[in-house]
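Understanding the architecture of this molecule
Listed below, chain by chain, are the residues.
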Amino acid sequence: MTTLVRRARPEDAEEVLRLRQVMIDSLARSDASTGWHAESLPVLRGRLAEPDGVFAAFVVDRPERPGTLAALVAGTLDYRIGGAGNPHGTDGYVFSVATDPDARRRGYARACMEALLEWFRERGARRVRLTASTQAEPLYVSMGFRPKPDPLLELRL
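Only a predicted model underlies this, so the values are computations on that prediction, with no experimental measurement involved. (Residues numbered from 1 in each chain as written. Predicted model: local features only at pLDDT ≥ 70, side-chain atom pairs only at ≥ 80, totals over all residues. Heavy atoms only, no water.)

What to know about the packing of aromatic side chains
Inclusion rule: Between rings of Phe, Tyr and Trp, where Trp is taken as its six-membered ring, a pair exists when centres lie within 6.5 Å; planes separated by under 30 degrees are stacked, by over 60 edge-to-face, and by other angles tilted. Here the term buried applies to any residue with accessible area under 20% of the maximum for its type, exposed to any over 50%, and partly exposed to those in between, with areas from a 1.4 Å probe on protein chains only.
Considering all chains together, one arrives at four aromatic pairs under this definition. Judged by centre distance (6.2 Å) and plane angle (25°), the ring pair of Y93 and F95 falls under stacked. A relative accessible area of 32% means that Y93 is categorised as partly exposed. Judged by centre distance (5.9 Å) and plane angle (70°), the rings of Y140 and F145 are edge-to-face.

Dropping the structure here:
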């Protein structure tokens with residue numbers, strides 16, 4: 001059976017946010033609040049309406065529940081000053097990989113990841129980065145991702 005992956009559209013925004021919350025809720029020390037959804041929704045709809053933008057989300061519909069998504073993978077293109085391994089400086093960054101708990105183990109996340117990786121390739125990305133949960137790491141390793149020792153630091157403004 002072939003999994004039908006498609007690019008998310010503006011009318012998918014509420015479902016995309018719902019699946020993002022599924023991902024957030026699965027993380028240790030996550031904030032389960034959803035009050036931010038209302039403020040985020042119009043921004044997300046606008047981003048989903050930009051066919052040539054730097055953001056893309058790929059989804060799988062739930063055939064048994066029209067209007068509902070089973071899986072989501074989202075990512076962005078980032079520019080970094082080029083270097084030896086990436087002269088043009090185009091990087092892909094994957095985030096918000098989520099599958100509804102009752103739709104897991106069907107290959108949906110892998111199919112969405114493959115679509116996003118192809119989208120990155122078509123736009124000249126030479127490197128793709130992501131942060132993996134312990135549960136998802138085997139999927140990413142099977143797709144060729146390798147752990148990096150680089151420590152990540154963050155500053156909230």
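Back to the write-up after that little detour.
Focus: the sheet that holds strand β5 (residues 127–130)
Which entries qualify depends on this criterion: Think of it this way: DSSP has to see at least two bridges between two strands before they count as a pair. Here a helix means four or more residues in a row that DSSP labels H or I, a strand means two or more in a row labelled E, and each is numbered from the N terminus. Convention adopted: a line fitted to C-alpha atoms gives each axis, helices being fitted over their contacting stretch, and angles between N-to-C directions are expressed from 0 to 180 degrees. Contact between two residues is taken to exist if any of their heavy atoms lie within 4.5 Å; hydrogens are not considered.
The strand order β1-β2-β3-β4-β5 describes an open sheet built from five strands, whose pairing is mixed. At either margin of the open sheet sits one strand with a lone partner, and together these are β1 (5–7) and β5. With strand direction ignored, the average angle separating the axes of adjacent strands in the sheet is 25°. Judged from the four bridges that link them, strand β4 (residues 90–99) and β5 form a sheet pairing that is parallel. Counted as the bridge partner of V94 is L130 from β5. Contacts from helix α1 (residues 13–26) reach β2 (55–61), β3 (69–79) and β4 within the one sheet, and its direction differs from that of β3 by about 85°.

Description of unusual backbone geometry
Its identity as a non-glycine residue notwithstanding, S96 has a phi of 55°, on the positive side. Under the relative-accessibility criterion, S96 is labelled buried at 3%.

With respect to the nonpolar core
For soluble globular proteins, nonpolar side chains are generally found buried alongside one another. To be explicit about the condition: For the purposes of this section, nonpolar cores are sets of buried Ala, Val, Leu, Ile, Met, Phe, Trp, Tyr and Cys residues that join through side-chain atoms within 4.5 Å.
Ranked by internal contacts, the top residues of the largest apolar core, which has 23 residues, are L116 and F120. Looking at this core, the elements with two or more residues in it are β2, β3, β4, α3 (108–122) and α4 (137–142). In terms of residues, this core owes the most to one element, α3, which gives eight residues. In this structure, L116 is in contact with A56, F58, V73, A74, G75 and V94, ignoring residues within four places of it in sequence. Counting 18 residues, the second largest nonpolar core, distinct from the first, contains A13, V22, L69 and A74.

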